[in-house]
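Observations on the three-dimensional arrangement
This is what each chain is made of:
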Amino acid sequence: MILDLAFAAVALGLVVVLAAGLLAPFESLGWWAGWAGPDDMRAGEATRLRASFAPAAEQPDARVVVLFGINDASQTLRNDHERQFVADLAAALPGARVIADLFPYSAFGMPLNGDRLFAWFWQAVATPSGRLTGLLNAMINLRNFLQVLTSADHRYGPFYNFGLAQVIVEALLRDGHDPARPRPLVLVGYSGGGQLSLAAAGYVQEALGVPVHVVSIGGFLASVPGIDGVARLTHIHGSRDWLQAMGRLVFPERWATMPHSHWNRASRSGRIHTRELEGVTHAGPEGYFGREARMADGRTHMEATVALTADLVRAAVSDPLPCRLPLRARPVVDRLEEALTRRGGR
Amino acid sequence: MIGDAIDLGFRAMGFESAAFRQVLASPGAAAAAYLVLLFSAMMLAFSQSVVLFANRVPPVRFVFALAVAGVQHVFAALAYGLAFVAAGRTLGVEGAGPGGVLALVALSWAPYLLALFAVVPHFGLGWQRLLEGWVAALMVFALAGGLGLGLPLALGVGLFGWAIGHVANLVIGPLLGRLGWRLLEVATGRRLEAEVDPAEVLRTQAAAISLPAGLP
């Protein structure tokens, strides 16, 4: 009886995972095809970018965009650890702007509790307190993990990653990014957010013409074309974080047997660096954002992660490195900038 | 009929010799084998539909194009069958006539009934490769089990058939490929790009954007 129940539960779980996997790519494909999501690839593009385009008079030393892990349902439902990380990082980098108000697990940045058919469900699952019950939390993790795989897939990745790059570019424009005075850009991604940062980086660099640095905090990283546009990737990993290490196994193009992959070429060119945090796990009290567990030098895990990330941002400011890819997607911004300049709007 | 066909397909997937022998013995089972091939081809077409999404094919045209792509896969399978027939005749192998061989090859495509799962991100690519190997192995098994050739001879016919198919593909493949692509374009009602680069698409769109009212 118990065995039957266990078998049924496993079978049901497998069906749910398979069904979720089958549906996963269609959000970004449907968006790209114009079947679903905002109509921003057509007439809305110029209008939306124009609304976002308001260069700030004072430009920061650098802009830092933070993409969090797969347990996020929305940028408005963050847990305390994530909020503190953003606040501490901003405090450690007074000359930089830290932007974390975007949801990367959707090609068009739509949070799970946004304008969606099942928004009510995800809203119910992810409570504002951030205390998610195990099974429901697993559903958000599964849903977002499959989006990470979509990003890593060579068939779907170009569309997902391009959409995400647009979301990032818009966030930067909203923040006052000035194409005429580009500042170094650092994409900081935790866990699945690390992979998304890496995947979108190429398109972001091609759109804005700024050198893009990526800081992966325990990132589940694949070999993606986006890495070609990254000036420097620094992968911070905890010595007890086995989840980030799974990326090396799951994505064959990171294996040494594929020397011409994007990852291995970047690695040979010296653009991939790793930094280890001793004793740190992937998540939980002893994870990168742990506020109680301490390193050997007495700092909390959170403090060590923030300090190392801030150091890497400062390094990007002092040595931004050149852009690696030519500008390609920029003409929309160029045309608007030209028009505003001629009108005397800037 | 559909239930019987699916059942036959799953028996074939399990390398059951009786399923292949049944196809040669019974016209009903042969028809079921072709039905398996049609379903498999449709599943395969759906799993490869990313090119239709990439080219922004509207929903109704999308379904029509899937049907066209599925039929193209059916013809590809039958072309393999003809190559096996030619190989068998060249090697002097006695066995079923062309119709029987084609039905066996049709049933060998049964693993593609599961091609839907190739849609799954990342892991689907590995699944797709697995299915390709599975179908290749089943085609040889079908010749061995269905025609009673024995594995070495079936392997020889299979390899020779593959070589014939490869040469034929070199000679008329590009022409057929263009024809197939053209048919897809007719079905979708637009010019299709095999590789779509989103950044390039945006670049083209940007050039066509008319600036909002009020701007010079």
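For the structure itself, consult the block above.
Cut-offs and rules
Residues numbered from 1 in each chain as written. Chains lettered and ligands numbered in written order. Predicted model: local features only at pLDDT ≥ 70, side-chain atom pairs only at ≥ 80, totals over all residues. Heavy atoms only, no water. Salt bridge = Lys/Arg side-chain N within 4 Å of Asp/Glu carboxyl O. Helix = DSSP H or I, 4+ residues; strand = E, 2+ residues; numbered from the N terminus. Buried < 20%, exposed > 50% of the residue type's maximum accessible area, 1.4 Å probe, protein only. Pairing = 2+ DSSP bridges. Core = buried A, V, L, I, M, F, W, Y, C linked by side-chain atoms within 4.5 Å. Contact = heavy atoms within 4.5 Å. Polar contact = N/O pair within 3.5 Å; in protein donor to acceptor, adjacent residues only side chain to side chain. Axes fitted to C-alpha atoms, helices over the stretch in contact; angles between N-to-C directions. Parallel < 35°, antiparallel > 145°, perpendicular 65-115°, else oblique. Left-handed = near helix turned anticlockwise from the far one by under 90°. Nonpolar A, V, L, I, M, F, W, Y, C, P; charged D, E, K, R; others polar. Phe/Tyr/Trp six-rings, centres within 6.5 Å; stacked < 30°, edge-to-face > 60°. Lys NZ or Arg CZ within 6 Å of the ring centre and 35° of its normal.

What about the pattern of salt bridges?
Residues and elements named next belong to chain A. Applying the stated criterion across every chain, the model contains 15 salt bridges over all chains. Note that D175 is salt-bridged to R63, the shortest N-O span being 2.7 Å. With D175 in the loop between helix 7 (157-174) and strand 3 (185-190) and R63 in strand 1 (residues 62-67), this residue pair connects regions lying 112 residues apart in the sequence. The residues D175 and R63 share a single accessibility class, namely buried. Note that R232 and D319 form a salt bridge whose closest N and O atoms lie 3.7 Å from each other. A residue pair is termed long-range when its members are at least 10 positions apart, and R232 in strand 5 (residues 230-238) and D319 in the loop between helix 11 (301-318) and helix 12 (331-343) qualify at 87 residues. Ionic contacts of the salt-bridge type, sharing partners, join the residues E27, R116 and R143 into one network.

A closer look at the pairing of strand 3 of chain A
All names here are of chain A. Counting buried residues in strand 3 gives six out of six residues, a clear majority hidden from the surface. Residues L185, L187 and G189 line one face of strand 3 and the alternating positions V186, V188 and Y190 line the opposite face, and both faces are buried. Examined bridge by bridge, strand 1 and strand 3 share five bridges and lie parallel to one another. Note on strand 3: the bridge partner recorded for L67 is G189.

Some thoughts on the environment of A86 of chain B
Residue and element names in this part refer to chain B. Mapped onto the fold, A86 is located in helix 5 (residues 59-90). Under the relative-accessibility criterion, A86 is labelled partly exposed at 30%. Sequence separation of A86 and A103 is 17 residues, and the distance between their C-alpha atoms is 15 Å.

Focus: the nonpolar core
All names here are of chain A. Core analysis: the largest hydrophobic core is formed by 83 residues, its most contacted members being V65, I168, L185, L187, L198, V212 and L233. In terms of residue count, the dominant contributor to this core is helix 7 (eleven residues). When neighbours within four sequence positions are excluded, L198 is seen to be in contact with V214, L221, A222, V224, G226, I227, V230, L233 and W263.

Concerning the side chain of S216 of chain A
Residue and element names in this part refer to chain A. In this fold, S216 is placed in strand 4 (residues 212-217). The class for S216 is buried, based on a relative accessible area of 0%. Of note is the side chain of S216, whose polar atom sits 3.0 Å from the backbone nitrogen of G219. Excluding anything up to four places from it in sequence, S216 contacts G189, L221, L233, T234, H235 and I236.

A look at the packing of helix 7 (residues 123-147) of chain B against helix 8 (residues 151-188) of chain B
Residue and element names in this part refer to chain B. Closest axis-to-axis distance for the helix 7/helix 8 pair is 8 Å, and the angle between their directions is 130°. On the basis of the axis angle, helix 7 is oblique to helix 8. Crossing of helix 7 over helix 8 shows right-handed handedness. Note on element contacts: helix 8 touches helix 7 through L151, A154, L155, V157 and G158, opposite V140, L143 and A144. When grouped by side-chain class, the residues that make up the contact of helix 7 with helix 8 number seven nonpolar, one polar and no charged.

Observations concerning unusual backbone geometry
Its identity as a non-glycine residue notwithstanding, R56 of chain B has a phi of 55°, on the positive side. Considering the arrangement of structural elements, one finds R56 of chain B in the loop between helix 4 (50-54) and helix 5.

Focus on the packing of aromatic side chains
Throughout the structure, instances matching the rule amount to 25 aromatic pairs over all chains. On the numbers, 4.8 Å between centres and 55° between planes, the contact of F53 of chain B with F62 of chain B is tilted. By the burial criterion, F53 of chain B is buried, and F62 of chain B matches it. By way of ring pairs, the aromatic residues W31, W32, F108, F159, F162 and Y203 of chain A are connected into one cluster. Sitting over the face of the ring of W263 of chain A, R254 of chain A holds its NZ or CZ atom 4.0 Å from the ring centroid. The aromatic ring of W32 of chain A is capped on one face by R56 of chain B, whose charged end is 3.9 Å from the ring centroid.

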